Amino acid sequence: MTTRPASPHTLRERTLAHPERWFAAGTFFILLVAALKLASAFFLPVIASALLALLLAPAVRWQSKRGIPAVVAAGLVITGLVVVVGTAMFSLARPAAAWLAGAPETIAQAQDKIQRIAAPLYNLQRNVAKVQEATATPTGAGGKKPTKVEMAPAGMLSKVPGTTLGFFGAVSTVLFLTFFLLAGGERFSEKLGDIMPERYRRQMIDGLRDMQAQMSRYLSTSAMIRAGLGLATWGVLKLVGLPNPALFGVVAAVLNFIPYLGSLAMLLIIGVASLVTFDTTQQALVAMGAFFVLSVVEGNVVTPLLLGHRLPLNAVAIFVGLLFWGWIWGITGAVLAVPLTVLVKVIADRVKPLEPLGVILDS
């Protein structure tokens, strides 16, 4: 059951009638944002686990209907997830390491080709630089420019051990917490209902289950769309002849969770790899054009067709959500921006004091 937002006229009257509520809500929002940013080490694994639990809940529910205990079903789902993701990471580890090791040389080769393509503009820029250098005022003693001494930055490998340990620690935390949420999700909803007054108990339990079902459908459909885009990218790049197409397919699927910027970043990555791999610029343009077509079809045909207006968000809400969650939690927040904004809208549609926020986010 989807709750229809109240009319703008009703919301306007309600807002003007109680301005003190908006002051209290604004104060609470500022404190909440500060808490989310300052305590990101705590909130980020919890929220990531909650979203992952919503994504995997249908698989656990399917097993529970066939008599498998929830604890066993949750263990099987988490184990299967670890096996699938671990196998994929192991199979892609070698080409990913090779690509990262050769990244500086790859970028240098791509830059050289770009400079040859844009030779007239580059020559103009170089001549302007020479003129600026010739007319620059000497600032050092004896009319000579001071010599700059720069310390070479530490290499990427110096940060790998700490980064790896932190990554696996965060992943382990998310997996364990997701297991507990899947194993006791229904009981947790019932406990929340038990602490409510009798007249609100059934309404709250039904509302929580409805929100869980909607978010689960959205996350499952969204994950399938991203996986489909990754498979399509792998197939197209394999036909074009770009090396390691499976690696690029996985990267495309992950980056596609970041609206707007993810597709642009993937387009640039494919462009750099294509310029280095292929002898002609036309082949590189074909690879970039193929992915551009795939991303346009996914964003304007596949996603609206499969998701429809089930959980609509307007473009401004998506972009502001990307900026907001990216500011709070960096790249991880940008990846989770759309699911989190959708979750906020689902809650706002069912909590009367938050109905104006649901109207703002709605498309």
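Here, the structure is the one placed above.
Sequence order sets the numbering: in each chain, residues are counted from 1 along the sequence as written. Selection of residues for local features in this predicted model requires a pLDDT of at least 70, selection of side-chain atom pairs for listing and counting requires 80 or more, and totals for whole chains, interfaces and linings are taken over all residues. With hydrogens and water excluded, all non-hydrogen atoms of the structure serve as input to the side-chain values.

### As for unusual backbone geometry
Note on backbone geometry: most residues besides glycine have negative phi, and most peptide bonds are trans. Formally: Each helix is a run of H or I in the DSSP string that is no shorter than four residues. Each strand is a run of E no shorter than two, and both are numbered from the N terminus. For every residue, the accessible area obtained with a 1.4 Å probe (protein chains only) is divided by the maximum for its type, and the residue is called buried under 20%, exposed over 50%, and partly exposed between those limits.
Residue N244 is not a glycine yet carries a positive backbone phi of 55°. Topologically, N244 is positioned in the loop between α8 (198-240) and α9 (245-255). Among the residues examined, N244 registers a relative accessible area of 34% and is labelled partly exposed. Phi is positive for Y260, which is not a glycine, with a value near 65°.

### Digging into helix α13 (residues 337-348)
Applicable threshold: One fewer than the residue count of a helix, multiplied by 1.5 Å, yields its expected span.
Taking 1.5 Å per residue, twelve residues should reach 16 Å; α13 reaches 16 Å between its end C-alpha atoms and fits that length. Counting buried residues in α13 gives nine out of twelve residues, a clear majority hidden from the surface. Listed in full, the buried residues belonging to α13 are A337, V338, P339, L340, T341, V342, K345, V346 and A348.

### Thoughts on the nonpolar core
Selection rule: Side-chain atoms within 4.5 Å are what join buried Ala, Val, Leu, Ile, Met, Phe, Trp, Tyr and Cys residues into a set we call a nonpolar core. Any two residues whose heavy atoms approach within 4.5 Å are treated as being in contact.
Residues L51, M215, Y218, W325, W329, L340 and V342 are the most contacted members of the largest nonpolar core, which totals 28 residues. Not counting residues up to four positions away in its chain, the partners in contact with W325 are L36, G330, G333, A334, A337, L340 and T341.

### Some points on helix α10 (residues 261-277)
Over its 17 residues, α10 extends 24 Å from the first C-alpha to the last, a length consistent with the 24 Å expected when each residue adds 1.5 Å. Among the residues of α10, G262, M266, L267, I270, G271, A273, S274 and L275 are the ones counted as buried.

### Some details on the packing of helix α12 (residues 315-335) against α13
The relative placement of two packed helices is expressed as an angle between their axes plus a distance between the axes. Defined as follows: An axis is simply a line fitted to the C-alpha atoms; with a helix, the fit covers only the stretch in contact. Between two such axes, the angle follows the N-to-C directions and lies from 0 to 180 degrees. What sets the label is the angle itself: under 35 degrees gives roughly parallel, over 145 gives roughly antiparallel, 65 to 115 gives roughly perpendicular, and the rest give oblique. By definition, turning the near helix anticlockwise from the far helix through less than a right angle yields a left-handed crossing, and turning it clockwise yields a right-handed one. For this classification, the nonpolar set comprises Ala, Val, Leu, Ile, Met, Phe, Trp, Tyr, Cys and Pro, the charged set comprises Asp, Glu, Lys and Arg, and every other residue, Gly included, is treated as polar.
Two elements in contact, α12 and α13, have axes whose closest approach is 8 Å; the angle formed by their N-to-C orientations is 125°. In terms of axis orientation, α12 runs oblique to α13. Between α12 and α13 lies a crossing whose hand is right-handed. Contacts from A317, I318, G321, L322, W325, W329, G333, A334 and V335 in α12 reach A337, V338, P339, L340 and T341 in α13. Across the contact of α12 with α13, the residue classes break down as eleven nonpolar, three polar and no charged.

These figures come from the coordinates and say nothing about function on their own.
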